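In case you want the letters, here they are:
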Amino acid sequence: MRLTAAVYRVPTDAPEGDGTLAWSSTTLTLVRAEADRHTGLGWTYGPAAVAPVVTELFAPLVTDLDPDDVPAVWTAMQRELRNAGRPGVAGLALSAADCAVWDLKARRHGLPLARLLGAARREVPVYGSGGFTTYDDERQHRQLAGWVHDQGIPRVKIKIGESWGTEVPRDLARMAAARRTIGDDTELYVDANGAYQRKQAVRVMRAAADLDVRWYEEPVSSDDLAGLGLVRDQVRPDVAAGEYGFDLVYFHRMAPYVDCLQIDVTRCGGITEFLRAAAVAAAAGLQVSAHCAPHQHLPVAAAVPNLRHLEWFHDHVRIESMFFDGAVPATGGGAAVPLDRPGNGLDLRTADAEHYRVG
Ligand SMILES: [Mg+2]
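All values reported here derive from a predicted model rather than from experimental measurement.

Peer 1: Would you explain the overall build of the protein in this entry?
Peer 2: Secondary structure assignment for the protein yields 14 helices and 15 strands. Against the compact-globule benchmark of 21 Å for 359 residues, the protein has a radius of gyration of 20 Å, which places it among compact chains. Its C-alpha atoms give the protein principal-axis dimensions of about 60 × 40 × 35 Å. Residues classed as buried in the protein amount to 53% of the 359 residues present. Residue pairs at least 24 apart in sequence account for 67% of intrachain contacts in the protein once pairs closer than 6 positions are excluded.

Right, here's the structure in full:
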């Protein structure tokens, strides 16, 4: 089996930012796993430094391994990271490579990946996600109205915690504006990306009591587990976190402090670890929500019984629709699980993607 990597940088369609970070482009590292004239695709969103982890650390290890033996491939790659460190760039590389190997296995057997994994559902519930702090009122309105009124998505999320929690009046005004746009029958979610302090996070949600917020993501830093638990016990919406989880132990430690665990297949260690993390959540009585990279998630999200929903993240939806034939729309609150084509159902539009290639 051969592993290669390519890096693409795509400018956003407008400046994007949340409570603790701002960006104007997004980098996608694509891993190809090839064997017997078949090619599996996996990707992650992260810096270009992901690529050499794949080509220098993983590729030499897997040359003689059977791509059908995904656990053997995953274990070889994961053990190789002992000294480099599993979280961060190396974890992104492991995740993309694992997804590529799973896709390769499915394609070699002529099976949809969701069929190989075994599907618990044919459609994955999604929520529209964007509402960046960098948007003006008009842009936020257009985005949310598009999801709710044009696509029929009954759940939307906006970013709050602007400028590390120093713009609370604007956060509250934007939440109120979002509620006006989406009406009473759509669930409103907010994500502070860890911007608030503990009691500040509680005060913000109490000040927004009449907006019926249902999902409060990273009200405080994900590293502050006791703080997450404190906020969870003091507010009405579900408190969620987990998007920075790079290994199983992370999810095991976090589970007692949240209402729903978020897992990102492009960070956590790929499909292999996503399935195990979902089992850890189930053992704690929790559902999981898939974080971003929607088309990388669809097959594995379909396979997880205790899935709540998948984040239909504006930035990644746009890139994946540009890069892949087979990308699906989200209409009526769900995205169809790809079951009619081998693998993840996606083919890279090589010429289109090449325009953005940086490595
Ligand atoms: Mg988030």
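Peer 1: Looking at this structure, I do not really get the domain arrangement of the protein. What am I missing?
Peer 2: Where interface size is given, it is often the accessible area lost as the parts come together that is meant. Under the domain assignment used here, the protein contains domain 1 (2-110 + 349-354) and domain 2 (115-347). Relative placement of domain 1 and domain 2: their C-alpha centres are 22 Å apart. Every contact between the two is made by 41 residues of domain 1 and, on the other side, 40 residues of domain 2. Among the secondary structure elements, those contributing two or more residues to the side of domain 1 that touches domain 2 are β1 (2-17), β2 (22-35), β3 (38-45), α2 (70-80), α3 (89-108) and α14 (350-354). Considering every element that reaches the side of domain 1 that touches domain 2, the biggest residue donor is α3, with 12 residues.

Peer 1: Quick question: what am I supposed to make of unusual backbone geometry here?
Peer 2: Among all residues save glycine, negative phi is the norm, and among peptide bonds the norm is trans. Non-glycine residue Arg37 carries a positive phi angle of around 65°. Looking at the secondary structure, you find Arg37 in the loop between β2 and β3. Look at Arg37 and you get exposed, because 7 C-beta atoms sit within 10 Å. Notably, Asn193 is not glycine yet its phi reads approximately 45°, a positive angle. Looking at the element boundaries, Asn193 is found in the loop between β6 (187-191) and α8 (198-207).

Peer 1: Mind showing me how you'd approach the sheet that holds β3 here?
Peer 2: The strands making up a sheet associate through backbone hydrogen bonding, with each pair oriented either parallel or antiparallel. Reading across from one edge, β1-β2-β3 is the order of the three strands in this open sheet, with antiparallel pairing throughout. Each of the sheet's edge strands pairs with one partner strand only, and the pair in question is β1 and β3. Here the strands of the sheet are splayed against their neighbours by 20° on average, with no regard to which way each runs. Sheet analysis places β1 next to β2, joined by 12 bridges and oriented antiparallel. Considered in β2, the bridge of Pro11 is made with Ser25. Of the strands in this sheet, β1, β2 and β3 are in contact with α3, which crosses β3 at around 150°. Across the sheet, helix α13 (residues 314-323) is in contact with β1, β2 and β3; its angle to β1 comes to roughly 125°.

Thresholds applied
Residues numbered from 1 in each chain as written. Predicted model: local features only at pLDDT ≥ 70, side-chain atom pairs only at ≥ 80, totals over all residues. Helix = DSSP H or I, 4+ residues; strand = E, 2+ residues; numbered from the N terminus. Rg over C-alpha atoms; globule rule 2.2 N^0.38 Å. Buried ≥ 20, exposed ≤ 12 C-beta atoms within 10 Å, placed from the backbone. Contact = placed C-beta atoms within 7 Å. Domains from an automatic or database assignment. Pairing = 2+ DSSP bridges. Axes fitted to C-alpha atoms, helices over the stretch in contact; angles between N-to-C directions.

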